[in-house]
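Close look at the chain arrangement
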Amino acid sequence: MSEGTPAPFVTDVSTDEGWEHDEETGGLVRMVRTEPVLVGLWKPNGVAGESIEYELDADETLVVLEGSGELRVDDGAPIQLQPGVVVSLSRGAQLRWRVDENFRELWLYC
């Protein structure tokens, strides 16, 4: 590693360390990067099976890592969420989620 280059950040979705309460969703978030874009991990932590609703205040792209669920955007047709699914969403979208307790995602906000 060259001088002045930060060490790589390494984490795992199964770790219990470093997660914080996500006010917007009620789940837990683990920040991976804050600049130049926000990147994080998310899991439901107690809100599994509940309807989670909010409006996006940034463009978001997510990758489902574990678990399953359903996402509705602006009351449209449901998007089935399972490992490997990638969804890109626009700022201002009205979201309604329902996920299982094993659900984990990697998200990018810009």
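Please refer to the structure higher up on the page.
Notes on the structure in this doc start here. (Residues numbered from 1 in each chain as written. Predicted model: local features only at pLDDT ≥ 70, side-chain atom pairs only at ≥ 80, totals over all residues. Heavy atoms only, no water.)

**With respect to the pattern of salt bridges**
Evaluation of the coordinates by the stated rule reveals two salt bridges. Glu70 is paired through a salt bridge with Arg72; the nearest N and O atoms lie 3.6 Å apart. Accessibility expressed as a relative area gives 26% for Arg72, which makes it partly exposed. Residue Arg96 is joined to Asp75 by a salt bridge in which the shortest nitrogen-to-oxygen separation is 3.3 Å. You can see Arg96 sitting in strand β9 (residues 94-99) and its partner Asp75 sitting in the loop between β6 (69-73) and β7 (79-81), a full 21 residues away along the chain. Look at Arg96 and you get partly exposed, because its relative accessible area is 32%. (Salt bridge = Lys/Arg side-chain N within 4 Å of Asp/Glu carboxyl O. Buried < 20%, exposed > 50% of the residue type's maximum accessible area, 1.4 Å probe, protein only. Helix = DSSP H or I, 4+ residues; strand = E, 2+ residues; numbered from the N terminus.)

**With respect to the packing of aromatic side chains**
Counted according to the given criterion, the structure contains three aromatic pairs. Pairing Trp42 with Phe103 gives two aromatic rings, centres 6.1 Å apart and planes at 65°, and the pair type is edge-to-face. Of this pair, Trp42 sits in strand β3 (residues 38-43) while Phe103 sits in the loop between β9 and β10 (104-109), placing them 61 residues apart in sequence. As far as the burial class goes, Trp42 and Phe103 line up, both buried. Three or more aromatic residues link up through ring pairs in this structure, and these residues are Trp42, Trp97 and Phe103. The lysine or arginine in question, Lys43, covers the ring of Trp19, its NZ or CZ lying 4.3 Å from the ring centre. (Phe/Tyr/Trp six-rings, centres within 6.5 Å; stacked < 30°, edge-to-face > 60°. Lys NZ or Arg CZ within 6 Å of the ring centre and 35° of its normal.)

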